[in-house]
Each structure stands twice: as structure tokens, then as C-alpha cells.
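# Architecture and fold: a report
Here is how the chains run, residue by residue.
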Amino acid sequence: MTDAEYMRIALSEARLAAAEGEVPVGAVLLRGGTVLAQAHNRVEQTGDPTAHAELLCLQAAAAAEDAWRMADCTLYVTLEPCAMCAGALVNARLGRLVFGAFEPRTGCCGSVFDLLDHAFLHTVPAVGGVLEEECAAVLQTFFARKRA
């Protein structure tokens, strides 16, 4: 499968989040071609400010694999990760990140900061802009409905 095809799985998670009243961000974590975990934001449901899709994927995969290192894994997420999530990706030694929409206000994988490519930290190769318009549209539609 291609990056775009895996991003479509993350987009389906983002749409589930929107249907549940959560900020529509979805993620899927793979090792090779095998899905280890997929998740969407659950901050509102859990009352947990750390219940972002990326962290939920890392936690589920770490529990299932009984290992916290994700050096041979790729995470697909519909929105550029924030500082908290980018830090977790570095700490998990993630092998690769692919994200959809850029987040110019809080993105920490190239937009505001780039925590994934810092001289003193583990480096995580990242690709942004995969299905960018579709990923951004899910967020824009969600927030337009919230404002209406």
C-alpha cells in the first residue's frame, strides 16, 4: 500500500472522532504492512488532555508488542503533531512519520518547531502534506459546524 492509502485509514479514524464530537484527528501505526494500532482523539470522552490519536496509537502498540521502541514503525496521522505528540514520537524512537495537514499554529514537526530533527534528540524522518487537502477539509468542516 502507499502512503496515501494508509492515510485514508487515518482519515477514517478522524471522521469517527468528528462523529463523537472530538477534534477530528486520526492515526494509524504500522510495522511493515501490518497495522499495530489505530486511534482517534478522545480528549473530550476521557477528560484526558493527553488522549491524542498519536499517543493512543503508541500506547496500544506498546502494550500489544510489549515494547516501547518503535524504530521499525511508521505513524500516519491526519494533522501535524503538537509538541506533546512530537516529543512522544522522539521518545518512542519512531522510524518514520507521515502526516496530512500542516498545523501552522501548534505543529512541531516543521511548522512552528521541528522536534523531530533536533541535534540532541533521536531524529524521526517525516513527510508532511500527504492528502493534505482532504485532511484539512475534515478539520475545517468540523470547526465550521462548531461555530454555526
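In what follows, the structure referred to is the one given above.
Definitions and cut-offs
- Numbering of residues starts from 1 in every chain and runs along the sequence as written.
- Side-chain atom pairs in this predicted model are given and counted only at pLDDT of 80 or more, local residue features only at pLDDT of at least 70, and totals for whole chains, interfaces and linings cover all residues.
- No hydrogens and no water enter the side-chain calculation; it runs on all heavy atoms of the structure.
- Helical segments are the DSSP runs of H or I of at least four residues, strand segments are the runs of E of at least two, and each set is numbered from the N terminus.
- Here the radius of gyration uses the C-alpha set of atoms, whereas the globule reference equals 2.2 Å times the residue count to the power 0.38.
- Each residue gets one of three labels from its accessible area relative to the maximum for its type: buried under 20%, exposed over 50%, partly exposed in between, using a 1.4 Å probe on protein chains only.
- Here, residues are in contact when the closest pair of their heavy atoms is within 4.5 Å.
- Computed with the Shrake-Rupley method and a 1.4 Å probe, the accessible areas treat only the protein chains shown as cover for residues.
- Charge assignment: positive for Lys and Arg, negative for Asp and Glu; neither His nor the chain ends contribute.
- Every charge is mapped onto a representative atom, which is NZ of Lys, CZ of Arg, CG of Asp or CD of Glu.
- Nitrogen and oxygen atoms within 3.5 Å of one another constitute a polar contact, given that in protein one can donate a hydrogen and the other can accept it, and given that sequence-neighbouring residues count only through two side-chain atoms.
- Paired strands are those between which DSSP finds at least two bridges.
- Working convention: axes come from line fits to C-alpha atoms, limited for helices to the stretch in contact. Angles between N-to-C directions cover 0 to 180 degrees.
- Salt bridges are counted wherever a side-chain nitrogen of Lys or Arg sits within 4 Å of a carboxyl oxygen of Asp or Glu.

### Examining the overall build of the protein
When you go through the protein residue by residue, the secondary structure sums to five helices and five strands. Walking the protein from its N terminus toward its C terminus, one meets helices and strands in the order α-β-β-α-α-β-α-β-β-α. The C-alpha radius of gyration of the protein comes to 14 Å, within 12% of the 15 Å expected for a compact globule of 148 residues. Along the first, second and third principal axes, the C-alpha set of the protein runs to 45 × 35 × 30 Å. The burial tally for the protein puts 43% of its 148 residues in the buried class. Partitioning the intrachain contacts of the protein with sequence separation of at least 6 by distance along the chain shows that 57% fall at a separation of at least 24. Surface exposure of the protein reaches about 7400 Å², of which carbon and sulfur atoms provide 55%. Placing the 11 positive and 18 negative side-chain charges of the protein at their respective mean positions leaves the two points 3 Å apart.

### Focus: the side chain of Asn41
Tracing the chain through its elements places Asn41 in the loop between strand E2 (34-40) and helix H2 (43-46). Overall, Asn41 belongs to the buried group, its relative accessible area being 9%. At 3.3 Å, the side chain of Asn41 forms a polar contact with the backbone oxygen of Val23. Within the local environment of Asn41, its side chain forms a polar contact with the backbone nitrogen of Ala53, the two atoms lying 2.8 Å apart.

### Overview of the environment of Ala37
By the element assignment, Ala37 lies in strand E2. Taking relative accessible area as the criterion, Ala37 reaches 6% and is therefore assigned buried. As a C-alpha pair, Ala37 and Leu56 span 19 residues in sequence and 8.4 Å in three-dimensional space.

### A word on the environment of Gln45
Relative to the assigned elements, Gln45 resides in helix H2. For Gln45, a relative accessible area of 43% gives the class partly exposed. A C-alpha to C-alpha distance of 36 Å links Gln45 and Phe120, two positions 75 residues apart in sequence. Beyond its immediate sequence surroundings of up to four residues, Gln45 is in contact with Glu20, Glu22 and His40. A polar contact of 3.3 Å, which involves the side chain of Gln45, links it to the side chain of Arg42.

### Here's the deal with the sheet that holds strand E1 (residues 26-31)
Pairing in this open sheet of five strands is mixed, and the strands run E2-E1-E3-E4-E5 from one edge to the other. Pairing within the sheet leaves two strands with one partner each, and these edge strands are E2 and strand E5 (126-127). Across five bridges, strand E3 (residues 73-79) lies against strand E4 (residues 96-101) in parallel orientation. Bridging across to E4, Thr74 finds its partner in Arg96. Sitting on the sheet, helix H3 (residues 53-65) is in contact with E1, E2 and E3, with an inclination near 140° to E2. Docked against the sheet, helix H5 (residues 132-147) engages E3 and E4, running at close to 60° with respect to E4.

### Quick look at the pattern of salt bridges
A complete count under the given rule lists seven salt bridges for this structure. For Asp72, the salt bridge identified is with Arg31, shortest N-O distance 2.9 Å. Highlighted residues: Asp72 in the loop between H3 and E3 and Arg31 in strand E1, separated in sequence by 41 residues. For Asp72, a relative accessible area of 46% translates into the label partly exposed. Looking at Arg31, the relative accessible area reads 23%, which means it is partly exposed. With a shortest N-O distance of 3.9 Å, Glu103 and Arg105 are connected by a salt bridge.

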